[in-house]
Amino acid sequence: MFRLDNKIALVTGSSRGIGRGIALALAKAGADIVVNYAGNAEAAEETASLIREMGRKALVVQADVGEEEQVDIMFDKIKNEFGRLDILVNNAGTSQDKDIFAMDKSDWDRIIKTNLTSGMLCSKRAMEMMREQNFGRIIFISSVVGERGALYGHIHYAATKSGQIGITKTLARTGAPYNITVNAIAPGFIATELFLQTHGEEEMKKLAASVPLGIGSLEDVGYAAVYLASDEARYVTGATLDVNGGNNFR
Ligand code: NDP
């Protein structure tokens with residue numbers, strides 16, 4: 001059950017953090033992985049080594065997924081190397097600790113491009129291939145913030161995370177005739193560099209205490225992605241799966 005043997009998966013932003021956790025979980029289930037990253041080549045190679053140690057293939061591709069030209073080059077490389085793409089995980093993302101009073105339009109544009117425009121660009125290229133194959137799985141890594149708003153006024157981040165859920169529901173309709181499912185995962189607090197950078201060590205401890213199951217791990221999100229990517233999840237589409245330890249902040 002939940003095997004992904006002979007499947008090819010692209011996980012954007014899989015050099016570290018949640019993306020790496022997802023890439024390793026998909027590889028453990030049998031998939032070969034395209035490891036995408038923005039600037040941290042060393043970390044991306046480390047993810048790839050861990051995948052190869054499991055006996056799976058790993059192709060490392062540097063590309064800023066907010067830039068159309070770079071996304072096109074990445075997909076051309078995937079086509080040349082594997083000839084198909086079965087699973088796309090739109091994970092690459094970033095945030096910034098600014099509320100509306102501190103924010104200017106360039107801050108807004110940067111976060112929208114990295115977190116949201118990227119999902120449109122990658123999904124378009126992936127769905128073209130998936131439509132031909134008559135099979136595909138697309139997963140957006142949204143956030144609890146996309147469902148309930150951000151705690152400290154990060155409206156640009158919240159807009160991208162809510163936007164991903166809107167795209168998920170809409171693309172689910174577009175993809176259905178071609179056997180392409182589109183779902184989102186909404187993680188709660190997961191211990192990554194992004195989380196620490198946004199909240200700091202002290203805040204993180206306080207936030208952990210507010211969640212029934214505390215802070216989540218990379219594997220918690222990885223295993224949810226394996227399920228949504230599997231054949232067994234064929235009837236699940238347009239859904240948002242909460243992986244948040246019972247986080248119920250309002
Ligand atoms: P990290 O900062 O730990 O990792 C971010 C990853 O995204 C890195 O691999 C980074 O590559 C890559 N990346 C960033 N910008 C780009 C870009 N323009 N093009 C390609 N890759 C890029 O973040 P997290 O693992 O915490 O977050 C991953 C996703 O999970 C995000 O979408 C985030 O919103 C979401 N999320 C995180 C939560 C958390 O608690 N941590 C909670 C809910 C959602 P490089 O290493 O090269 O810089």
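Below is a summary of the structure that appears in this document. Each chain carries its own residue numbering, running from 1 in the direction its sequence is written. Only residues with pLDDT of at least 70 are given local features in this predicted model, and only at 80 or more are side-chain atom pairs given and counted; all residues enter the totals for whole chains, interfaces and linings. Hydrogens and water are ignored here; the side-chain numbers use all heavy atoms of the structure.

## Re the packing of helix H1 (residues 17-28) against helix H8 (residues 218-229)
How two helices pack is summed up by the angle between their axes together with the distance between the axes.
Right, on to step 1. Across the interface, H1 lies against H8 with an axial gap of 8 Å and an inter-helix angle of 50°. Considered as vectors, H1 and H8 are oriented oblique to each other. You can see that H1 and H8 cross each other, and the crossing is right-handed. In this structure, H1 contributes Gly 17, Ile 18, Gly 21, Ile 22, Ala 25, Leu 26 and Lys 28 to the contact, and H8 contributes Leu 218, Val 221, Gly 222, Tyr 223, Ala 225, Val 226 and Ala 229.
Right, on to step 2. In this count, Pro and Cys sit with the nonpolar residues alongside Ala, Val, Leu, Ile, Met, Phe, Trp and Tyr, while Asp, Glu, Lys and Arg are called charged and the others, Gly among them, polar. Partitioning the contact of H1 with H8 into residue classes produces 10 nonpolar, three polar and one charged. Here an axis means a line fitted to C-alpha atoms, over the contact stretch when the element is a helix, while the angle between two N-to-C directions is reported on a 0 to 180 degree scale. To qualify as a helix, a DSSP run of H or I must reach at least 4 residues; to qualify as a strand, a run of E must reach at least 2; elements of each kind are numbered from the N terminus. Orientation labels follow simple angle bins: below 35 degrees gives roughly parallel, above 145 gives roughly antiparallel, 65 to 115 gives roughly perpendicular, and whatever is left gives oblique. Put simply, a crossing is left-handed when the front helix is turned counterclockwise from the back one by less than a right angle, and right-handed when it is turned clockwise. Any pair of residues with heavy atoms lying within 4.5 Å of one another is described as a contacting pair.

## Regarding the pattern of salt bridges
Right, on to step 1. Here, a salt bridge means any side-chain nitrogen of Lys or Arg that lies within 4 Å of a carboxyl oxygen of Asp or Glu. Under the definition given, this model contains 14 salt bridges.
Right, on to step 2. Asp 32 is the salt-bridge partner of Arg 56, the closest N and O atoms lying 3.2 Å from each other. Residue Arg 56 is found in the loop between helix H2 (41-53) and strand S3 (58-62), and its partner Asp 32 is found in strand S2 (residues 32-37); the two are separated by 24 residues along the sequence.
Right, on to step 3. For every residue, the accessible area obtained with a 1.4 Å probe (protein chains only) is divided by the maximum for its type, and the residue is called buried under 20%, exposed over 50%, and partly exposed between those limits. With relative accessibility at 24%, the residue Arg 56 sits in the partly exposed group.
Right, on to step 4. By relative accessible area, Asp 32 is classed as buried at 8%.
Right, on to step 5. Here Glu 67 ties to Lys 113 by a salt bridge, and the two come within 2.5 Å at their closest N and O atoms.

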